[in-house]
Amino acid sequence: MASLPLSSSCQLGFRPISRCQSPPSIYVLRSTSTSNGRKQFQQNLLTTAANPLLVPSSISLTNRVARKISTVVRASSATAVTSNPNPPWQGAAMKPLAASIATGVILWFVPAPAGVSRNAWQLLAIFLATIVGIITQPLPLGAVALLGLGASVLTKTLTFSAAFSAFGDPIPWLIALAFFFARGFIKTGLGNRIAYQFVRLFGSSSLGLGYSLVFSEALLAPAIPSVAARAGGIFLPLVKSLCAACGSNAGDGTENRLGAWLILTCFQTSCISSAMFLTAMAANPLSANLTFNTIKQNLGWTDWAKAAFVPGLVSLIVVPLLLYLIYPPTVKSSPDAPKLAREKLEKMGPMSRNEIIMAGTLLVTFGIIEVTDHQVGLWIFGGFLNVDAVTAAIMGLSILLVTGVVTWKECLAESVAWDTLTWFAALIAMAGYLNKYGLISWFSQTVVKFVGGLGLSWQLSFGILVLLYFYSHYLFASGAAHIGAMFTAFLSVASALGTPPYLGAMVLAFLSNLMGGLTHYGIGSAPVYYGANYVSLANWWGYGFLISVVNIIIWLGVGGVWWKAIGLW
């Protein structure tokens with residue numbers, strides 16, 4: 001097997017950014033013409049003006065001017081002949097763009113079902129057209145999303161303030177800030193240092209590296225109640241450093257050495273670890289709150305963790321291994337890697353000042369994150385501050401900017417961060433207004449009537465409800481929005497059809513996390529990991545669907561046996 005290329009020629013972190021070359025020396029004022037003849041003519045004139053002794057006579061000067069003008073005319077003619085009148089097309093890919101537009105137009109003119117407002121139906125048409133555009137990518141994702149917002153405003157389906165309302169939502173900004181933290185994490189060398197420590201301990205195999213990250217994330221999950229913060233602030237920078245250590249970089253054809261499998265594994269397992277603890281994802285307390293409001297039973301932290309432990313542990317073991325078999329890294333083992341990593345650590349020496357600042361900033365930032373939206377009251381290092389995740393991240397970035405660990409110019413250069421901010425905020429806005437316009441409540445009620453009228457046993461009825469609840473997440477860019485729109489209706493119907501209410505609440509709460517693995521926008525960690533550009537969109541969605549089937553089988557199969565054993569049904 002190929003070994004990890006941890007030689008001295010291999011550097012961790014971002015590749016060196018090429019600096020702009022200095023412009024060539026200019027001897028005259030810059031001309032608006034591109035003709036070399038005219039520029040030389042101007043240079044000669046300036047030289048003559050500066051040195052009048054070089055002028056032999058007015059007649060000579062006149063002849064010289066005439067010759068220069070003739071040269072300019074001939075050069076301009078040659079340029080016009082040889083220049084390309086049709087430069088390569090740099091706009092949208094027309095076939096994917098046509099497919100996206102056709103989707104929206106067809107649905108737009110389909111009559112809206114009874115009970116659905118015209119505005120809601122039109123917004124659904126624009127939303128699905130945008131999703132098709134995001135899948136087929138006629139333009140970069142941010143540009144596609146901007147076209148979708150423009151269409152919604154142009155057709156007066158949404159007002160401008162409504163269409164761009166999600167740019168004030170904290171989640172897209174938290175994701176963008178995570179990219180800035182990742183830049184500092186790798187730039188300072190702190191990411192290299194931690195990556196080499198992981199390689200030293202677990203680097204003899206790629207699978208060992210993967211499992212070490214998976215279980216590290218699961219251990220941190222109950223203490224950091226933001227899956228986006230865990231992914232962007234801690235694990236994405238670390239994963240990118242590990243990938244670079246193995247010679248696997250985005251965009252240069254080496255993604256499959258390690259990066260693609262590791263990124264997809266860390267993303268899918270972040271959804272699993274979020275499902276295992278009440279405090280592992282910001283929307284989980286909303287599930288607990290709606291459970292109490294619906295069935296008057298408390299969904300406590302201990303009960304949640306106990307019910308999720310066995311199926312969660314099985315998923316954390318099975319999913320990385322399954323992806324390793326069906327989407328394998330080309331670098332599978334490297335017995336010399338731990339030794340080489342130790343040598344690298346020795347060469348790095350003690351931590352630099354910027355590394356210390358970066359490490360301290362991370363501790364401060366994640367030490368004051370609290371889930372405040374639903375009064376969970378969890379702090380990592382104390383309960384003295386009341387600061388939400390995005391505010392803490394802004395404070396942390398401010399420290400990095402003031403100390404020069406990260407510069408604002410470097411933040412502006414993080415194009416993936418700004419692109420992700422744009423398309424994710426656009427999807428959140430459109431999905432949110434689908435709910436406000438009543439489309440989601442209509443969908444929930446339709447499903448409830450359909451399943452209730454089948455006359456099936458509660459087990460089969462609940463199975464159908466679970467699948468509909470899970471795969472309707474393709475329409476959502478937020479777990480909280482999905483839970484708020486559909487959790488109560490589905491739990492009420494499941495209970496009415498004979499499902500044990502507490503079991504129904506538990507299962508829907510767990511699935512509200514696992515369904516985030518379907519798309520690149522369905523949970524806070526998705527845009528973070530997808531934005532690393534190691535995995536194509538087709539693979540992301542394809543393997544997302546496959547892992548969703550595996551997770552459902554594990555959680556309803558293994559989990560069902562476990563829940564029977566602990567008395568949930």
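Residues numbered from 1 in each chain as written. Predicted model: local features only at pLDDT ≥ 70, side-chain atom pairs only at ≥ 80, totals over all residues. Heavy atoms only, no water.

**Concerning the overall build of the chain**
Selection rule: Segments assigned H or I by DSSP are reported as helices when at least four residues long, segments assigned E as strands when at least two residues long, and all are numbered from the N terminus. We call a residue buried when its accessible area falls under 20% of the maximum for its residue type, exposed when it is over 50%, and partly exposed in between, using a 1.4 Å probe and counting protein chains only. Contacts are assigned to residue pairs that have any heavy atoms within 4.5 Å of one another.
Looking only at helices and strands, the chain has 24 helices and 0 strands in total. When the 569 residues of the chain are sorted by exposure, 49% land in the buried category. Long-range pairs, those at least 24 residues apart, make up 76% of the contacts in the chain with a sequence separation of at least 6.

**Digging into helix α4 (residues 118–136)**
Rules: A helix is expected to reach a length of 1.5 Å times the quantity of its residues less one.
Taking 1.5 Å as the rise per residue, α4 with 19 residues should run 27 Å; its terminal C-alpha atoms sit 27 Å apart, in good agreement. One or two residues past the end of α4 sits Q137, with phi positive at roughly 55 degrees.

**Here's the deal with a nonpolar patch on the surface**
So the rule is basically this: Each patch is built from residues lacking any salt bridge and having more than 30% relative accessible area; the joining distance is 9 Å for like charges and 5 Å for nonpolar side chains (Val, Leu, Ile, Met, Phe, Trp, Tyr). Surface accessibility in these figures is a Shrake-Rupley result with a 1.4 Å probe; residues are shielded only by whichever protein chains are displayed. Salt bridge, as applied in this entry: a Lys or Arg side-chain nitrogen positioned within 4 Å of an Asp or Glu carboxyl oxygen.
Taken together, the side chains of F215, F309, L313, I317 and V318 make up a nonpolar region of the molecular surface, amounting to roughly 380 Å² of accessible area. As for its placement among the helices and strands, F215 is situated in helix α9 (residues 206–220).

**Points about the packing of helix α13 (residues 301–326) against helix α24 (residues 537–565)**
Selection rule: Lines are fitted to the C-alpha atoms to define the axes, a helix being fitted only along its stretch in contact, and any angle between axes, read from their N-to-C directions, falls within 0 to 180 degrees. Each helix crossing is assigned a hand: it is left-handed if the near helix lies turned anticlockwise from the far helix by less than a right angle, otherwise right-handed if that turn is clockwise.
As a packed pair, α13 and α24 sit with axes 9 Å apart at the nearest point and diverge in direction by 145 degrees. The handedness of the crossing between α13 and α24 is right-handed.

**Digging into the side chain of T157**
Structurally, T157 is set in the loop between α5 (141–154) and α6 (160–163). Beyond its immediate sequence surroundings of up to four residues, T157 is in contact with W108, N119, Q122, L123, I126, S152 and Y437.

**Topic: the environment of L362**
Structurally, the position occupied by L362 is in helix α15 (residues 353–367). A sequence separation of 34 residues divides L362 from G396, and the C-alpha atoms of the two residues are 7.1 Å apart.

**Some details on the nonpolar core**
Rules: In plain words, nonpolar cores are sets of buried Ala, Val, Leu, Ile, Met, Phe, Trp, Tyr and Cys residues tied together by side-chain atoms within 4.5 Å.
Counting residues in hydrophobic clusters, the biggest one holds 156 residues, and the most contacted among them are L213, I263, L427, Y529, W540 and W555. Ranked by the residues each element gives to this core, the list is headed by helix α18 (residues 415–436), at 13 residues.

**Describing α18**
The terminal C-alpha atoms of α18, which comprises 22 residues, lie 32 Å apart, in line with the 32 Å expected from a rise of 1.5 Å per residue. Once α18 finishes, G438 follows within two positions and takes phi at roughly 95 degrees, a positive value.

**Focus: the pattern of salt bridges**
Under the criterion given, the structure shown has 4 salt bridges. Among the ionic pairs, E355 bridges to R193, the shortest N-O distance being 2.7 Å. Note that E355 is positioned in helix α15 and R193 in helix α8 (residues 190–202), a separation of 162 residues in sequence. Since its relative accessible area comes to 12%, R193 is described here as buried. Taking the shortest distance from any N to any O, the salt bridge between E217 and R230 comes out at 2.7 Å. Highlighted residues: E217 in helix α9 and R230 in helix α10 (residues 227–245), separated in sequence by 13 residues. The residues E217 and R230 share a single accessibility class, namely buried.

**Side note on the side chain of E255**
Put simply, the rule reads: Identification of polar contacts relies on pairs of N or O atoms within 3.5 Å, with a donor-acceptor requirement for protein atoms, meaning one able to donate a hydrogen and the other able to accept it, and with residues adjacent in sequence counted only if both atoms are side-chain atoms.
By secondary structure assignment, the location of E255 is in the loop between α10 and α11 (259–276). Among the polar contacts made by the side chain of E255, one reaches the main-chain amide nitrogen of G253 at a distance of 3.4 Å. Beyond its immediate stretch of four places on either side in the chain, E255 contacts S248, N249, A250, A260, N533 and Y534.

**Details of the packing of α10 against α11**
Heads up, the condition is: Should an angle lie under 35 degrees it is considered roughly parallel, over 145 roughly antiparallel, and from 65 to 115 roughly perpendicular; all remaining angles are considered oblique. For this scheme, ten residues count as nonpolar: Ala, Val, Leu, Ile, Met, Phe, Trp, Tyr, Cys and Pro. Four count as charged, namely Asp, Glu, Lys and Arg, and the remainder, Gly too, count as polar.
With their axes 11 Å apart at the nearest point, α10 and α11 run at an angle of 155 degrees to one another. With respect to each other, α10 and α11 are oriented roughly antiparallel. The handedness of the crossing between α10 and α11 is right-handed. Taken together, the residues of α11 that come into contact with α10 (itself represented by V227, R230, L236, V239, L242 and C243) are G259, L262, I263, C266, S270, S273 and S274. By residue class, the composition of the contact of α10 with α11 is 8 nonpolar, 4 polar and 1 charged.

**Focus: the packing of aromatic side chains**
What counts here: To pair, rings of Phe, Tyr and Trp, with the six-membered ring standing in for Trp, must have centres within 6.5 Å; the planes then decide the type, stacked if under 30 degrees apart, edge-to-face if over 60, and tilted in the middle. We count a charge as sitting over a ring when the NZ of a lysine or the CZ of an arginine lies within 6 Å of the ring centre and within 35 degrees of the ring normal.
Per the stated rule, a full pass over the model turns up 21 aromatic pairs. Between Y471 and F545, the aromatic rings sit 5.6 Å apart at their centres with planes inclined by 45 degrees, giving tilted as the arrangement. Placement of the pair is Y471 in helix α20 (residues 458–471) and F545 in helix α24, with a sequence separation of 74 residues. A relative accessible area of 42% places F545 in the partly exposed class. Positioned above the aromatic ring of Y433 is the side chain of K436, whose terminal nitrogen or guanidinium carbon lies 4.6 Å from the ring centre. Sitting over the ring of W569, K564 keeps its end group 4.6 Å from the ring centre.

**A few points about the environment of G104**
With respect to the element layout, G104 can be found in helix α3 (residues 94–109). The exposure class of G104 is buried, given its relative accessible area of 10%. Each C-alpha atom of the pair G104 and L124 lies 8.3 Å from the other, and the pair is 20 residues apart in sequence.

**Notes on unusual backbone geometry**
Not every positive phi belongs to a glycine, and K156 is a case in point at roughly 60 degrees. The residue K156 is located in the loop between α5 and α6 in this model. Despite not being glycine, N533 has its phi angle at roughly 65 degrees, a positive value. Summarising the element assignment, N533 is placed in the loop between α23 (525–530) and α24. Taking the relative accessible area as the measure of exposure, N533 reaches 44% and is therefore partly exposed.

**Considerations on the confidence of the model for the chain**
Which entries qualify depends on this criterion: Per-residue confidence from the prediction method is given by pLDDT, with values spanning 0 to 100.
Overall, the prediction assigns the chain a mean pLDDT of 79, with 80% of residues at 70 or greater. In the model of the chain, helix α1 (residues 36–50) stands out as the element of lowest mean pLDDT, 44, in contrast to α24, which has the highest, 95. Confidence over residues 1–59 falls short of pLDDT 50; this stretch has 78 contacts with residues more than four positions distant or in other chains. In the model, residues 369–384 has pLDDT below 50 throughout and makes 41 contacts with residues more than four positions away in sequence or in other chains.

**A word on the environment of Y529**
Inspection of the secondary structure puts Y529 in helix α23. Here Y529 falls in the buried class, since its relative accessible area comes to 1%. Separated by 290 residues in sequence, Y529 and V239 have C-alpha atoms that sit 9.6 Å apart. Beyond its immediate chain neighbours, meaning those up to four positions away, Y529 contacts A231, F235, L236, I263, C266, F267, S270 and W540.

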